[in-house]
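If you want the building blocks of each chain, they are given just below.
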Amino acid sequence: MSNNSRQSCSVIMLYMIIGVLILLLISYSPPNSSKSSIKHHHRRLKLRSVDITRKQHDPVAFDPIVADLERRHVDKKYFDDVAAPGHEAQPDWEDLMDAEDYLNDEQKFNVTDRLLLLFPKIDVDPADGYVSGHELTEWNMQQAEKEVLHRTLREFEGHDKNKDGFVSFSEYEPPSWVRNSDNTSFGYEMGWWKEEHFNASDIDNDGLLNLTEFNDFLHPADTKSEKLLRWLCHEEIRERDSDKDGKVSFKEFFHGLFDLVRNYDEENHNLSHFSDDSNEAPAKQLFAQLDRDGDGFLSHLELLPIIGKLHPSERYYSKQQADYTISQESLERKIQLTVYWADTDKDGRLSLAEMIDNPYVFYSSIFNDDEDDYEYHEELR
């Protein structure tokens, strides 16, 4: 080979090496900071408009400041629309928009500063510079407990008409849709607002509910009272007992209760991928385990071992939310970087840098994205 040929090959090889290096640098370089700031600039924080009559479970706000603003808004709506006539409505930061303006004023509410402040409050078990799934679950539980207690206090004050520190059943008013309907209306037979539920929550049987009992009355899934848990089991029997014989047959169990148990055990389970035939074997196995007297039916007492799966507690939802947040943070990082930089060792932990880099994972539901921005994930809230 001539010298010219060798030189040409060397030049070509050099260009190829330089090209590969440039591609590697581009692939592994962090996103443009100005572009990142533009995206964050376009994200406007908006408070949720909460429907106080809705009974479905809503995830808790990650940030206590956001939670407080939402509570103020809901309190005003509650005392304006639900509480007894004459009850003075509470102020709501003049207007909901004022609160949203506050959230979008970076001098008053800076998301990065908030994460810097909150991180050491979450990273406590142990304080090792990472937030684990367990730590995020505990943080979510703390926020959920505050939210539940606030709602209970609000309801308690509204129903305690004589202000004696107790609520009697005569003081407790069923929801307006119950008062304005007849016993043939859809949902009328739902027993959570009936006197049987009230009495099951009355642990000391004095005919009155103190704050703790009233909290159990409003949130029976979180109770430790076996008396109230048995009432929940009775309600499941009443709801699922299609032939009204006071017990649950395997058919009634299979078409309803088993799906709830399986979804609880396998959170990512997709029922559409399984036929009734593939589900029937594990359903029969669980039914046999619950049917302790072997009579082929389930009584309310035999439902006790699974009642926590039929009515998940706040801890279940807190863990679900924590698991989703950590997995979603990793997904969002992959979208931004196109490489697996977030939680690369898949150890289920988040560093402060990872959290700051993707604040919308934690504030997702209150971000209002522009059309050309990334989609936010309402499931987080």
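Residues numbered from 1 in each chain as written. Predicted model: local features only at pLDDT ≥ 70, side-chain atom pairs only at ≥ 80, totals over all residues. Heavy atoms only, no water.

## Describing the overall build of the chain
For clarity, the cut-off: Only runs of H or I of at least four residues qualify as helices and only runs of E of at least two qualify as strands under DSSP, and these elements are numbered from the N terminus. Type-normalised accessible area, obtained with a 1.4 Å probe on protein chains alone, sets the label of each residue: buried when under 20%, exposed when over 50%, and partly exposed for intermediate values. Any two residues whose heavy atoms approach within 4.5 Å are treated as being in contact.
Summing up its helical and strand segments, the chain has 15 helices and 6 strands in all. By the burial criterion, 38% of the 381 residues in the chain qualify as buried. Long-range pairs, those at least 24 residues apart, make up 64% of the contacts in the chain between residues at least 6 apart in sequence.

## A look at helix 9 (residues 211-218)
Selection rule: By definition, the arc is the one covered by directions from the helix axis to the C-beta atoms. Distance and chemistry together define a polar contact, namely a pair of N or O atoms within 3.5 Å, with one atom able to donate a hydrogen and the other to accept it when in protein, and with adjacent residues in sequence counting only for side-chain atoms on both sides.
Those residues of helix 9 not exposed but buried are Glu 213, Phe 214, Asp 216 and Phe 217. Across the axial projection of helix 9, the buried residues extend over an arc of 155 degrees, all falling on one side. On the buried face of helix 9, the contacting elements are helix 6 (133-159), strand 3 (167-168), helix 8 (195-201), strand 4 (208-209) and helix 10 (226-240). Put simply, Asn 210 is the residue that caps the front of helix 9, since its side-chain oxygen is 3.1 Å from the backbone nitrogen of Thr 212.

## With respect to unusual backbone geometry
For the peptide bond that leads from Asp 125 to Pro 126, omega is 0 degrees, which places it in the cis range. Take Pro 126: it is sitting in the loop between helix 5 (111-122) and strand 2 (130-132). Positive phi is not limited to glycine here, since Asn 205 has a value of about 55 degrees. Looking at the element boundaries, Asn 205 is found in the loop between helix 8 and strand 4.

## Some points on the confidence of the model for the chain
Selection criterion: What pLDDT expresses is the predictor's confidence in each residue, scored from 0 to 100.
Scored by pLDDT, the chain has a mean of 75; 63% of the residues are at 70 or more. Here helix 2 (residues 33-42) stands out as the element of the chain with the lowest mean pLDDT, 41, in contrast to strand 4, whose mean of 97 is the highest. Contacts of residues 28-42 to residues separated by more than four positions or lying in other chains number 14 contacts, the stretch itself having pLDDT below 50. Ignoring residues within four places in sequence, the model shows residues 334-345, a span with pLDDT below 50, making 30 contacts including any to other chains.

## Regarding the pattern of salt bridges
For clarity, the threshold we go by: Salt bridges are identified by distance alone: a Lys or Arg side-chain nitrogen within 4 Å of an Asp or Glu carboxyl oxygen.
Summed over all chains, the structure comprises 12 salt bridges. Measuring nitrogen to oxygen at the nearest pair gives 2.9 Å for the salt bridge that ties Lys 309 to Asp 265. Of the two residues, Lys 309 sits in helix 13 (residues 307-310) while Asp 265 sits in helix 11 (residues 250-265), which places them 44 residues apart along the sequence. Using a relative accessible area of 26% as the deciding quantity, one classes Lys 309 as partly exposed. Taking relative accessible area as the criterion, Asp 265 reaches 46% and is therefore assigned partly exposed. For the salt bridge of Lys 319 with Asp 323, the shortest nitrogen-to-oxygen distance reads 2.8 Å. Taken together, the residues span about one helical turn, with Lys 319 and Asp 323 both in helix 14 (residues 314-337) at a distance of 4 residues.

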